[in-house]
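Residue strings, one per chain:
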Amino acid sequence: MNQSQKMPLKVFIEEYMKILQPLSADELKAILKGMADEVKPHARDEFIKKLSPTYMPHPHRIPFDLDILDEIDSLKEDILAQGEEEPDWEHDDEDSLGEYEQFVSPLRNLFGKTAQLFEQGYYEATEKAYQVLFSIFSIENAYGHGIRTYDVEDEDTDLEEARARYFRSIYMTTKEEKRVPVLLKVMTDMGNRDFQSRPSLQEIINISPALLPDFTPFLQQWIEITQTEEKPSYDAGLREATHLLHGSSGLENLAKKEGYKRPRVYLDWMQALIDAKNFTEALNAGEIALTALPEDQPIRAAIGDLIALCGDSLQDEKIQ
């Protein structure tokens, strides 16, 4: 799944609400007619059902004491038991799934059920469910067969969104003073999995339109810990939290104070200014970066690319 082309859920909701709110009834009818014209023949019945005022995508709330956690534990036990059996060597030697393929569909189904739990606000159950579900990806037999994240991903199962729901559930169920250390540990561990992108605070924001409680003090504590404890895995988190809390000016201050040991902060600072279409300021930031960084620093090439991008945007051939 191409993450760069995927609109985050929070942005999607905000965008379609912004479009819908000022429209008249006739304009809404015209939009629905246009959507109806594009419906494939096999999907017409489902489209008509969705037009009903009583239509609900999940008609029955999942009770809090449902058996989903038992279902997940049972599936994990079956997967572990499969690993104790001798593989069927008729399978392709290059097939990393092997006989674990039978578990992919049930696993997708349980990820879907857990997403519904999250949507209904059962954060504690969601956290427990995802903790076990994600642990399944670490199981493999003596021959290296197992289920990977890319085996489960499809049009209906987005595991990076599942990861974001997991993180947000932890945020919502953890006491304020413990949120940062707990999430730092979980996000660092998840960063070692085979996802396309590294874990980020932005995904916790983007997975729901609701505001996160006590987010400002959370970011302040996050910055304090990641800046004090100099672990390589903390650097990206520090830069992101600084941007979320203080904007491009925060990245500027961090670059000027610690750019020598965090050279990627120059890229983040420039990119933040470019995203805000402040191309002249981005150029100035690029000049500061090239002056500060040693000539053998590989990241200078990426900074040069951003400088060229600014030149394109400003239509300045000399800069290009």
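Anyway, here's the lowdown on the structure attached to this text. Being a predicted model, the structure only gives us computed values, none of them experimental.

### Notes on the overall build of the chain
Scanning the chain for helices and strands turns up 15 helices and zero strands. Dimensions along the principal axes, computed over C-alpha positions, put the chain at roughly 60 × 60 × 45 Å. Burial statistics for the chain: of 320 residues in total, 38% are counted as buried. In the chain, the share of contacts with a sequence separation of at least 24, taken over all contacts with a separation of at least 6, comes to 65%. Carbon together with sulfur atoms contributes 50% to the accessible area of the chain, which is approximately 19,100 Å² in total. Computed over 34 positive and 61 negative side-chain charges, the inter-centroid distance for the chain is 7 Å.

### Some words on the side chain of arginine 148
By the element assignment, arginine 148 lies in the loop between helix H6 (123-135) and helix H7 (149-152). Assessed through its relative accessible area of 17%, arginine 148 is described here as buried. Setting aside residues no more than four positions away along its own chain, arginine 148 makes contact with Ser96, Phe137, Ile139, Glu140 and Asp194.

### Side note on the nonpolar core
Judged by nonpolar contacts, the single largest core of 73 residues is most densely connected at Phe111 and Ile147. At eight residues, helix H13 (residues 264-275) tops the list of elements feeding residues into this core. Residues within four places of phenylalanine 111 in sequence aside, it is in contact with Tyr130, Leu133, Phe134, Phe137, Val152, Thr157, Leu159 and Ala162.

### Considering unusual backbone geometry
Leave glycine aside and you will find that most residues have negative phi; peptide bonds, for their part, are mostly trans. The backbone phi angle of aspartate 214 is positive, close to 55 degrees, even though this residue is not glycine. Positionally, aspartate 214 belongs in the loop between helix H10 (201-206) and helix H11 (215-228). We note that lysine 277 has phi near 65 degrees; this positive angle belongs to a residue other than glycine.

### A word on the packing of aromatic side chains
Evaluation of the coordinates by the stated rule reveals 16 aromatic pairs. Geometrically, the ring pair formed by phenylalanine 134 and tyrosine 166 is tilted, given 5.8 Å between the ring centres and 35 degrees between the ring planes. Of this pair, phenylalanine 134 sits in helix H6 while tyrosine 166 is found in helix H8 (residues 159-173), placing the two residues 32 residues apart along the sequence. Taken individually, phenylalanine 134 and tyrosine 166 each receive the classification buried, so the pair is uniform in this respect.

### Section: the environment of tyrosine 266
Of note, tyrosine 266 is situated in helix H13. Taking C-alpha positions, tyrosine 266 is 9.3 Å from leucine 290, a pair spaced 24 residues apart along the chain.

### A short note on a negative patch on the surface
Together, Asp67, Asp70, Asp73, Glu77 and Asp78 make up a region of like negative charge exposed at the surface. Assignment of secondary structure puts glutamate 77 in helix H4 (residues 68-83). A relative accessible area of 54% means that glutamate 77 is categorised as exposed.

### Describing the pattern of salt bridges
Any two side chains of opposite charge can pair, so long as their charged atoms come close to each other. What the rule picks out here adds up to 17 salt bridges. Where glutamate 258 meets lysine 261, a salt bridge forms, and the shortest distance between an N and an O atom there is 3.8 Å. Note on glutamate 258: relative accessible area 12%, which makes it buried. The network of salt bridges with common partners includes Asp235, Arg239, Glu258, Lys261, Arg262 and Asp268.

Conventions and cut-offs
- Residues numbered from 1 in each chain as written.
- Predicted model: local features only at pLDDT ≥ 70, side-chain atom pairs only at ≥ 80, totals over all residues.
- Heavy atoms only, no water.
- Helix = DSSP H or I, 4+ residues; strand = E, 2+ residues; numbered from the N terminus.
- Buried < 20%, exposed > 50% of the residue type's maximum accessible area, 1.4 Å probe, protein only.
- Contact = heavy atoms within 4.5 Å.
- Areas by Shrake-Rupley, 256 points an atom, 1.4 Å probe, with all protein chains shown as cover.
- Lys, Arg positive; Asp, Glu negative; His and termini not counted.
- Charge placed at Lys NZ, Arg CZ, Asp CG, Glu CD.
- Core = buried A, V, L, I, M, F, W, Y, C linked by side-chain atoms within 4.5 Å.
- Phe/Tyr/Trp six-rings, centres within 6.5 Å; stacked < 30°, edge-to-face > 60°.
- Patch = residues over 30% accessible without salt bridge, like charges linked within 9 Å, V, L, I, M, F, W, Y side chains within 5 Å.
- Salt bridge = Lys/Arg side-chain N within 4 Å of Asp/Glu carboxyl O.

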